[in-house]
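# Secondary and tertiary structure notes
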Amino acid sequence: MRDILLLGGGKIGETIVDLLTATGDYAVTIADQNGDALARLPKRQNMTTLVLNAADPDALRAAMKGRFAVLSALPYSLTIDVARAARDLGVHYLDLTEDVASTRAVKQFAVEGTSTFIPQCGLAPGFISVVAHDVASRYDSLDSVKMRVGALPVYPHNALKYNLTWSTDGLINEYLEPCEAVVDGEKVLVPPLEELEHLSLDGVEYEAFNTSGGLGTLCDTLSGKVRTLNYRSIRYPGHRDIMKVLLQDLRLGERRDLLKDIMERSIPATPQDVIVIFVTVSGYRNGRLLQESYANKVYGRMVGDTFRSGIQITTAAGICTMLDLLHEGKLPSRGFVKQEDVSLATFLGNRFGKVYAQNEGGSAAGVGAGSVKAA
């Protein structure tokens, strides 16, 4: 049984615990600075709790020492501190961050350390990179790779047409930070909330726009191999314009703590969400210009005896899959591992990753019914 330290006792952390402890292969200590939040967690076999301030380096190292792996479900601002401790202690490291600067630091720690470092293990970045790289690998040469993801309420009921489904800090960060992309073959930074587009899936209208972090490491992986590469978040129409008013016109982007407080007081969370995943790749195969798209929707469902939202399931499944592959010896025992180093077939074949191969009714979607292919 592998001994795991999980940092962060929020909704994603709860789901990670449920998935890992149910297997009998992992003993999980879930740590959070909020003792009341830990006390509210359902009791699970092979689960213990620990009140811990992850910003305290001595306490953090004491909690991590001797573990097989540490999983960080903390705000991105603490990512570097946790990764540094993992390097110093030789503990395997996985996180859910979307923050580009943090991931660069993690990559350097992987060079210096003796354990494995796997950042960006969620949905986007995370699974979306696995899908995009898998589809792209089928081409002799690439033209464009376009990645779109949204975690949306099934029943939008406010002006933003949005509910808080994951980390508010992470959401604000991706709306404000520059976005990596490849334009005309050159790696560039493009502004967030720009390049608005509209799309329709299953008869539902959406919009998509630049947000930071969703590409993960694909800019580096596909550098020099693709003309166009970009990532955009999917929302219902009208959301982007309101966020631009808040962040830019009212300058709340300069006051992140205030913006977070306003959003968490005003925008309710909901378990009734849908995860929309859409990837389109074009390129040449056997001398012909072809296009292939992957489309999938994931809804909330029961995990054990508890209903979990789509974002909880997909995010938790992403990091649990990577941990499981590491545990099984299917990933390197040291160094830096990118999401796209794992094939889609390997990911979906994992006991946790298979949640992405199911639609709302539980039937297969993945690269079968969930894909649309056209010449």
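Presented here is a report on the structure given in the accompanying data block. (Residues numbered from 1 in each chain as written. Predicted model: local features only at pLDDT ≥ 70, side-chain atom pairs only at ≥ 80, totals over all residues. Heavy atoms only, no water.)

## Points about the pairing of strand β14 (residues 288-299)
- Where strand β13 (residues 273-285) lies against β14, twelve bridges are found, and the strand directions are antiparallel. The partner of Ile-277 across the bridge, within β14, is Asn-296.
- Counted along the chain from β13 to the antiparallel partner β14, the turn is two residues long, and its residue Asn-286 has a positive phi close to 55°. (Pairing = 2+ DSSP bridges. Helix = DSSP H or I, 4+ residues; strand = E, 2+ residues; numbered from the N terminus.)

## A look at the sheet that holds strand β5 (residues 92-95)
- Spatial ordering of the open sheet is given by β3-β2-β1-β4-β5-β6-β17, a layout of seven strands whose pairing is parallel. The sheet is open, and its two borders are formed by β3 (47-51) and β17 (335-336), each paired with just one other strand.
- Each of β1 (2-7), β2 (26-32), β3 and β4 (69-72) is contacted by helix α1 (residues 11-23), which is oriented at about 160° to β2, the strand it contacts most.
- In the packing of helix α4 (residues 79-89) onto the sheet, the strands contacted are β1, β4, β5 and β6 (116-118), and the crossing angle to β5 comes to about 165°. (Contact = heavy atoms within 4.5 Å. Axes fitted to C-alpha atoms, helices over the stretch in contact; angles between N-to-C directions.)

## Digging into the packing of helix α7 (residues 168-176) against helix α10 (residues 256-266)
- Axis separation between α7 and α10 bottoms out at 10 Å; the angle between their running directions is 125°. Classified by the angle their axes make, α7 and α10 are oblique. Where α7 crosses over α10, the handedness of that crossing is right-handed. For the pair α7 and α10, contact is made by Thr-168, Asp-169, Leu-171, Ile-172, Asn-173 and Leu-176 and by Arg-256, Leu-259, Lys-260, Met-263 and Glu-264, respectively.
- When its residues are assigned to classes, the contact of α7 with α10 shows five nonpolar, two polar and four charged. (Parallel < 35°, antiparallel > 145°, perpendicular 65-115°, else oblique. Left-handed = near helix turned anticlockwise from the far one by under 90°. Nonpolar A, V, L, I, M, F, W, Y, C, P; charged D, E, K, R; others polar.)

## Structural notes on the packing of α4 against helix α5 (residues 100-112)
- Running from amino to carboxyl end, α4 crosses α5 at an angle of 5°, the nearest separation of the two axes being 9 Å. Comparing their axes, α5 and α4 come out roughly parallel. Across the interface between the two elements, Thr-79, Ile-80, Ala-83, Arg-84 and Arg-87 from α4 touch Ser-102, Ala-105, Val-106, Phe-109 and Glu-112 from α5.
- Across the contact of α4 with α5, the residue classes tally to five nonpolar, two polar and three charged.

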